[in-house]
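A look at the structure
Spelled out from the first residue to the last, the chains are:
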Amino acid sequence: MPNRTLLIAGNWKMNNDVAEAAKLADELAQALPEVPAGVEVLVCPPTIDITTVHDRIQAAPIALGAQNVYWEAKGAFTGESSCDMLKSAGCTYCIIGHSERRDYFHESDEDQNKKAKALVAGGIVPVFCCGEPLEVREAGTYVEHVVAQVKAGLEGLELASADQLVVAYEPIWAIGTGMTATADDAQEVCHAVREALVELFGAEMADGIRVLYGGSAKPGNIAELVAKPDVDGALVGGASLKAADFSEMVVKAAE
Ligand code: 13P
């Protein structure tokens, strides 16, 4: 198995005002003065909190990411942030294609493709999310569904190295529900994602790209998830909002 560095990434979603974000960032910096070998830690606060969190975690081994980006460089796009703006605020990662953006904000695969290309060209690592709704899981076509999202969203992306892309498999029925996919469920789809990455980028590149699991990941299940050969970490929602839980996940992932 290749030696992929595990990534434990927190998606704060639309939680924490500036003062709350500062407090959580301070707590995380204190809880994680260093991270175990073989693990990388990332937090993705709301856009309004990015600068504050950057200031607070600067000295800590914690990377900073955004939750959204627009693919144009600048101009009349009210409410959006460009890749260069995120970079200037200290971001090195950006989540794209989250099911909440696809569902509530009607973002398409084509949108994700433009975002992925803009991010890679601009030197930010996309954390590209994919995942099926419950009815697709029940119909048994979830692998095809997820593979189609990966191929459409990442088609034509040019990577110079495997660390320029992260993919996160997040079954929608497991997000915020407490219903975690089993580690075997996660492995099945993360493996299919990796096979799609082989088709897109070749075997050597695909071997180095991190594929995360997301959906009710927590201290109690992280070890089992990352023990699977194609699960290279987690994209964590609810449990990333508590410094104690999130830092415990980082430690447990490394064990
Ligand atoms: P939960 O960990 O709260 O289920 O959220 C997962 C998620 O959507 C992370 O992006």
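Each remark here, short or long, concerns the structure printed above.
Since we're looking at a predicted model, the values are computed, not measured.

Definitions and cut-offs
Residues numbered from 1 in each chain as written. Predicted model: local features only at pLDDT ≥ 70, side-chain atom pairs only at ≥ 80, totals over all residues. Heavy atoms only, no water. Near = heavy atom within 4 Å. Polar contact = N/O pair within 3.5 Å; in protein donor to acceptor, adjacent residues only side chain to side chain. Areas by Shrake-Rupley, 256 points an atom, 1.4 Å probe, with all protein chains shown as cover. Phe/Tyr/Trp six-rings, centres within 6.5 Å; stacked < 30°, edge-to-face > 60°. Lys NZ or Arg CZ within 6 Å of the ring centre and 35° of its normal. Salt bridge = Lys/Arg side-chain N within 4 Å of Asp/Glu carboxyl O. Helix = DSSP H or I, 4+ residues; strand = E, 2+ residues; numbered from the N terminus. Buried < 20%, exposed > 50% of the residue type's maximum accessible area, 1.4 Å probe, protein only. Pairing = 2+ DSSP bridges. Axes fitted to C-alpha atoms, helices over the stretch in contact; angles between N-to-C directions. Contact = heavy atoms within 4.5 Å. Core = buried A, V, L, I, M, F, W, Y, C linked by side-chain atoms within 4.5 Å. Parallel < 35°, antiparallel > 145°, perpendicular 65-115°, else oblique. Left-handed = near helix turned anticlockwise from the far one by under 90°. Nonpolar A, V, L, I, M, F, W, Y, C, P; charged D, E, K, R; others polar.

1. Notes on the site of the ligand
For the ligand, the set of nearby residues contains 13 residues, the closest of which are K13, H98, G176, S216 and G238. Within the side chain of E170, an N or O atom sits 2.9 Å from an oxygen atom of the ligand. In the environment of the ligand, an oxygen atom lies 2.6 Å from a nitrogen or oxygen atom belonging to the backbone of G176. For the ligand, whose accessible area on its own is 310 Å², the fraction buried by protein is 95%.

2. Some thoughts on the packing of aromatic side chains
We describe a pair of aromatic rings using the distance from one ring centre to the other and the angle between the two ring planes. Under the counting rule described, the total for this entry stands at three aromatic pairs. Taken together, a centroid distance of 4.9 Å and an interplanar angle of 45° make the contact between Y70 and F77 tilted. Taken together, Y70, W71 and F77 form an aromatic cluster joined through their ring pairs. Over the ring of F105 we find R101, and its NZ or CZ is 4.2 Å from the ring centre. One Lys or Arg, R137, reaches over the ring of Y142 and ends 3.6 Å from the middle of that ring.

3. A closer look at the pattern of salt bridges
Counting across every chain of the model gives 15 salt bridges. A salt bridge links E100 to K13, with the shortest nitrogen-to-oxygen separation between them at 2.8 Å. Of this pair, E100 sits in helix α4 (residues 99-104) while K13 sits in the loop between β1 (6-11) and α1 (18-31), placing them 87 residues apart in sequence. Classification of E100 by relative accessible area gives partly exposed; the value is 23%. The partner of E27 in a salt bridge is K23, and the shortest N-O contact between them spans 3.1 Å.

4. Digging into the sheet that holds strand β8 (residues 233-236)
Taken together, eight strands build a closed barrel; the order of strands is β1-β2-β3-β4-β5-β6-β7-β8 and the barrel is parallel. On average, adjacent strands in this sheet sit at an angle of 25° to one another, irrespective of strand direction. Bridging between strand β2 (residues 39-44) and strand β3 (residues 62-66) involves three bridges; their strand directions are parallel. Bridge pairing links V41 to I62 in β3. Contacts from helix α8 (residues 183-201) reach β5 (125-130), β6 (166-169) and β7 (210-214), with the element oriented near 145° to β7.

5. A word on the nonpolar core
Formed by 73 residues in total, the largest nonpolar core has its most connected members in L154, L165 and L197. Ranked by the residues each element gives to this core, the list is headed by α8, at nine residues. Non-local contacts of L154, meaning those with residues more than four positions away in its chain, are made with N113, A116, F128, L165, V167, L197, L200 and F201. Counting residues in each nonpolar core, the second largest holds 14 residues, with L7, C44, A168 and L235 among its members.

6. Description of the environment of E155
Residue placement: E155 occurs in the loop between α7 (142-154) and β6. Residues E155 and K117, 38 residues apart in the sequence, show an inter-C-alpha distance of 9.4 Å.

7. Let's talk about the packing of α1 against helix α2 (residues 50-57)
As a packed pair, α1 and α2 sit with axes 9 Å apart at the nearest point and diverge in direction by 25°. Considering their axes alone, α1 and α2 lie roughly parallel with respect to each other. In this structure, α1 meets α2 at a crossing whose hand is right-handed. Between α1 and α2, the residues in contact are V18, A21, A22, A25, D26 and A29 and T52, V53, R56 and I57, respectively. Of the residues assigned to the contact of α1 with α2, the class counts are seven nonpolar, one polar and two charged.

Purely geometric stuff here, so don't read any function into it on its own.
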